[in-house]
Amino acid sequence: MEPVWGGVEDTAAHLRGICALGLVRMNYSDVMNELADLLADPKPEARVTAAKAIAYTGNPQGVPLLRLKTRIGDQAPQVISECFSALLQLAPTDSLAIVAGFLFDPKEQICELAALTLGESRLEEAFDHLRNCWEQTRNVELRRTLLLAIGMLRQDKAIDFLISLVAQGKDIDAKDAIAALAIYREDRKLWQRVDRASEQRANQLGL
């Protein structure tokens, strides 16, 4: 605790996180109990690092801790985001449906974080979850994020889906699909497909 104007403040959250990673690195036998405590730390920075450290262990015993944390929630969205990532690292098959379930969370930010985490995972099965959510939601911002996540999967069927939107989707969907595909701008062959889809769209509209 360090003195600040009007009282004291906990300034050691970062240090606690570093120590947790150190315990993992040295294979400390009771590390999961320490990480469980850190996952309930008052400081969000420490809780984020706790989730990272659980993933770093590579030990599936950490999965129940992460599942519990995602279920009870956290005031800091970045903590839940890190738990999503850790779950997909430690138990991708069993955790995919859990993370995908948060695509329909009442909080839009949590939906977006779940979508981006699924995109970053590059798991083949994630595409159907992302597309299903995109088809069901009418939230413009969330739909845009879902298309970005689909692009992040770097899968042929995901790219084909985005290019089909460029060619035949609604104007706003075509625009968002092009934005999602922008991560492939350096891929000349792929971007030629995007250009052809855009030309096809223009011909259909008589432009």
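Since we're looking at a predicted model, the values are computed, not measured.

**Quick notes on the nonpolar core**
Here comes step 1: In this structure, Leu103, Leu118, Leu130 and Leu181 are the most contacted members of the largest nonpolar core, which totals 42 residues.
Here comes step 2: Secondary-structure elements contributing two or more residues to this core are helix 5 (77–90), helix 6 (92–101), helix 7 (108–121), helix 8 (126–136), helix 9 (140–152), helix 10 (156–168), helix 11 (171–181) and helix 12 (188–205).
Here comes step 3: It is helix 10 that contributes the most residues to this core, eight residues altogether.

**Focus: helix 4 (residues 63–72)**
Here comes step 1: Burial in helix 4 covers these residues: Val63, Leu66, Lys69 and Thr70. Down the axis of helix 4, the smallest arc covering the buried residues is 130°, so these residues share one side. Seen from the open side of helix 4, the exposed residues pointing more than 90 degrees away from its buried face are Pro64, Leu68, Arg71 and Ile72.
Here comes step 2: Tucked into the core, helix 4 has its buried residues touching helix 3 (44–57) and helix 5.
Here comes step 3: Once helix 4 ends, the next one or two residues include Gly73, with phi positive near 85°.

**Considering the packing of aromatic side chains**
Here comes step 1: Inspection of every chain in the model, using the stated rule, returns three aromatic pairs.
Here comes step 2: Their ring planes at 50° and their centres at 5.0 Å tell us that Phe84 and Phe102 sit as a pair that is tilted. A residue pair is termed long-range when its members are at least 10 positions apart, and Phe84 in helix 5 and Phe102 in the loop between helix 6 and helix 7 qualify at 18 residues. The same class applies to Phe84 and to Phe102, which are both buried.
Here comes step 3: Ring centres of Phe127 and Phe161 lie 5.9 Å apart, and the angle between their planes is 75°; on these two criteria the pair is classed as edge-to-face. Of this pair, Phe127 sits in helix 8 while Phe161 sits in helix 10; the two residues are 34 residues apart in sequence, bridging distant segments of the chain. Take Phe127 and Phe161: they sit in the same class, and that class is buried.
Here comes step 4: The ring centre of Trp134 lies 4.2 Å from the NZ or CZ of Arg143, which sits over that ring.

Thresholds applied
- Residues numbered from 1 in each chain as written.
- Predicted model: local features only at pLDDT ≥ 70, side-chain atom pairs only at ≥ 80, totals over all residues.
- Heavy atoms only, no water.
- Core = buried A, V, L, I, M, F, W, Y, C linked by side-chain atoms within 4.5 Å.
- Buried < 20%, exposed > 50% of the residue type's maximum accessible area, 1.4 Å probe, protein only.
- Helix = DSSP H or I, 4+ residues; strand = E, 2+ residues; numbered from the N terminus.
- Arc of directions from axis to C-beta.
- Contact = heavy atoms within 4.5 Å.
- Phe/Tyr/Trp six-rings, centres within 6.5 Å; stacked < 30°, edge-to-face > 60°.
- Lys NZ or Arg CZ within 6 Å of the ring centre and 35° of its normal.

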